[in-house]
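Descriptive structure summary
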Amino acid sequence: MHRVLIGQFGTVARMGLRELLDGQGIEVVAEAQSVEGIVSCVSEVRPDVVVLDLDDEDALGTAEEITSEFPAIKVIACSCEEPVMRVFPPFHHGESYASKLSAALLALALSS
Amino acid sequence: MDSSVTEERPLRIWIDDHNPIFRLGLGACLEPPFLLAGESARFSPQPDLTRTDILVFELEQAGLPNALRLARDTDLLLVTIAADIEDELLVEAIEAGVTGAMLRTDANPNTFLHTLRSAAAGNGSLPTAVLSRLLSRPRVGMRAAGDLTDRELGVLRLLSKGESTRQIAEDLCYSEKTVKNIVHDVLVRMNCRNRAQAVALATRRGLI
């Protein structure tokens, strides 16, 4: 089962993500407490997947940083405003594709 | 088991939000007496009003006209979530009878539950910044002033300051029952669904 690290999100969004992941039986191993601390948190926890807030202006930069430093880790950046997410597949540094965000699609991206 | 706790009637909340993470998060904020009745994204699927007491909807993206259409001729209470505090739609929403409003950026379990509780109590709830914007709007038209008595205007003024029925009763040396009667008369006379709408309309018309 994949181990997930959640980046910094607003309270409601974090509760929503927790709800979604719990519903899928996905384990959240850590929640980053700040945007700055996320990369060190990732290197400490070594999750399989990192979920970032796409609405945060640093999200794409952070995603690239994580995937280039830890190629085995998948990064999924989800917006909490628009129903959009970007998935950074491992082995394709800096490359991402945007897709529709739904509970089912996010669960699929998290567990595949 | 402690049976002395008064049982509150459950209030069924329907949440419409087009972002699944935020929508699930709002649902997770609910605690008794509030229950999740159902959820939808941009009114798809259509909210089931037969099992909904309060509809929570997004102000933007045609949310307001959709919600107002659903609420017409029903007792449905409306609570809106606004992305932008400057949005003129927010003023329009309050004037149209939306009971509570919360800014998306302010959303947390406390603010959301507070907004729902106020809506359920018929008091309405607005972010302070919105209320002050309503109060500072240019005043238009005095014509309707004659429709309300001094006593009713006095109560409306105190309502606009956010006072509760009890506080108003104390301030004006009336009984709470009298204040409730006056508020009721004002709502009927102004054809408003709730206190927040009456305050918004009275402010806009320059009555208070």
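In this text, all values refer to a predicted model and were calculated from it rather than measured experimentally.

1. Structural notes on the overall build of chain A
- Along chain A, the regular secondary structure elements total four helices and six strands.
- When the helices and strands of chain A are placed in sequence order, the string is β-α-β-α-β-α-β-β-β-α.
- For 112 residues, the compact-globule estimate of 2.2 N^0.38 gives 13 Å, and the C-alpha radius of gyration of chain A, at 12 Å, lies within 12% of that figure.
- Every one of the 112 residues in chain A was classed for burial, and the buried ones make up 37%.
- Within chain A, residue pairs in contact and separated by at least 24 positions form 55% of the contacts whose partners lie at least 6 positions apart.

2. Comments concerning the sheet that holds strand β1 (residues 3-6) of chain A
Residues and elements named next belong to chain A.
- Spatially, the six strands line up as an open sheet ordered β2-β1-β3-β4-β5-β6, and their pairing is mixed. Each edge of the open sheet is held by one strand with a lone partner, namely β2 (27-31) and β6 (97-100). Sheet twist, expressed as the mean angle between neighbouring strand axes with direction ignored, is 25°.
- The sheet contacts of helix α1 (residues 11-23) involve β1, β2 and β3 (49-53), and relative to β1 the element is tilted by about 170°.

3. Concerning the domain arrangement of chain B
All names here are of chain B.
- Parsing chain B into structural domains produces domain 1 (11-133) and domain 2 (141-204).
- If you average the C-alpha positions of domain 1 and of domain 2, the two centres end up 24 Å apart.
- Contacts between domain 1 and domain 2 engage eight residues on the former and nine residues on the latter.
- Residue composition of the side of domain 1 that touches domain 2, by class: two nonpolar, five polar and one charged.

4. Here we look at the packing of helix α6 (residues 150-160) of chain B against helix α9 (residues 195-204) of chain B
All names here are of chain B.
- Close contact between α6 and α9 brings their axes to 10 Å; oriented N to C, the two are set at 105°. Viewed along their axes, α6 and α9 adopt a mutual orientation that is roughly perpendicular. Facing L156, L159 and S160 of α6, the residues of α9 in contact are R195, A198, V199, A202 and T203.

5. Focus: the pairing of β3 of chain A
Residue and element names in this part refer to chain A.
- The element β3 is extensively covered by neighbouring structure, given that five of its five residues are classed as buried.
- Pairing of β1 with β3, which is carried by three bridges, proceeds in the parallel orientation. Bridging from a neighbouring strand, I6 pairs with V51 of β3.
- In the sheet, β3 pairs with strand β4 (residues 74-78) via five bridges, with the strands oriented parallel. What sits directly across from L52, in β4, is A77.
- The parallel pair β3 and β4, bridged by helix α3 (residues 59-69), forms a crossover whose chirality is right-handed.

6. Considerations on the interface of chain B and chain A
- With 14 residues of chain B at the interface, the matching set in chain A holds 18 residues.
- Classifying every residue of the side of chain B that touches chain A by side-chain character gives nine nonpolar, four polar and one charged.

7. What about the sheet that holds strand β5 (residues 100-103) of chain B?
All names here are of chain B.
- On the basis of which strands lie adjacent, the open sheet formed by five strands has the order β2-β1-β3-β4-β5 and parallel pairing. Bordering the open sheet on either side are β2 (34-40) and β5, each of which pairs with just one other strand. Averaged over all pairs of adjacent strands, the angle between strand axes in this sheet comes to 20°, irrespective of strand direction.
- Across six bridges, strand β1 (residues 11-16) lies against β2 in parallel orientation. Across the sheet, D16 pairs through a bridge with S40, a residue of β2.
- The strands touched by helix α2 (residues 63-71) within the sheet are β3 (54-58) and β4 (77-82), with β3 carrying the most contacts at an inclination of about 160°.

8. As for the nonpolar core
- Counting 86 residues, the largest nonpolar core has C78 of chain A together with V56 of chain B as its most contacted members.
- If you count residues domain by domain, this core takes at least three from each of domain 1 (11-133) and domain 2 (141-204) of chain B.

9. Focus: unusual backbone geometry
Residue and element names in this part refer to chain B.
- Residue P32 is joined to P33 through a cis peptide bond whose omega torsion reads 10°.
- Turning to its location among the elements, P33 is positioned in the loop between α1 (20-29) and β2.
- With an omega of -5°, the peptide bond between S44 and P45 qualifies as cis.
- Within the fold, P45 resides in the loop between β2 and β3.
- We note that A62 has phi near 65°; this positive angle belongs to a residue other than glycine.

10. Overview of the environment of L36 of chain B
Residues and elements named next belong to chain B.
- Take L36: it is sitting in strand β2.
- Separated by ten residues in sequence, L36 and Q46 have C-alpha atoms that sit 15 Å apart.
- Excluding anything up to four places from it in sequence, L36 contacts I13, I15, G27 and L30.

Cut-offs and rules
- Numbers given to residues run from 1 along each chain, matching the order in which its sequence is written.
- Written order determines the labels here, with chains lettered from A and ligands numbered from 1.
- This being a predicted model, a pLDDT of at least 70 is required before a residue's local features are given, and a value of 80 or more before pairs of side-chain atoms are given or counted; all residues contribute to the totals for chains, interfaces and linings.
- A run of H or I in DSSP becomes a helix once it reaches four residues, and a run of E becomes a strand once it reaches two; helices and strands are each numbered from the N terminus.
- Here the radius of gyration uses the C-alpha set of atoms, whereas the globule reference equals 2.2 Å times the residue count to the power 0.38.
- Whether a residue is buried, exposed or partly exposed is read from the other C-beta atoms within 10 Å of its own C-beta, which are placed from the backbone; 20 or more gives buried, 12 or fewer gives exposed, and intermediate counts give partly exposed.
- Contact between residues is assigned whenever the C-beta positions, reconstructed from backbone atoms, fall within 7 Å.
- Any two strands with at least two DSSP bridges between them are considered paired.
- Axis geometry follows a simple rule: fit a line to the C-alpha atoms, using only the stretch in contact for helices, then measure angles between N-to-C directions, giving values from 0 to 180 degrees.
- Each domain span listed reflects an automatic or database assignment of domains.
- Under this grouping Gly is polar, as are all residues other than the nonpolar Ala, Val, Leu, Ile, Met, Phe, Trp, Tyr, Cys and Pro and the charged Asp, Glu, Lys and Arg.
- To sort the angles, those under 35 degrees are grouped as roughly parallel, those over 145 as roughly antiparallel, those from 65 to 115 as roughly perpendicular, and the leftovers as oblique.
- Orienting the strands away from the viewer, one traces the path from the first strand over the helix to the second; a clockwise path indicates a right-handed crossover.
- Under the definition applied here, buried Ala, Val, Leu, Ile, Met, Phe, Trp, Tyr and Cys residues are grouped into a nonpolar core through C-beta atoms within 7 Å.

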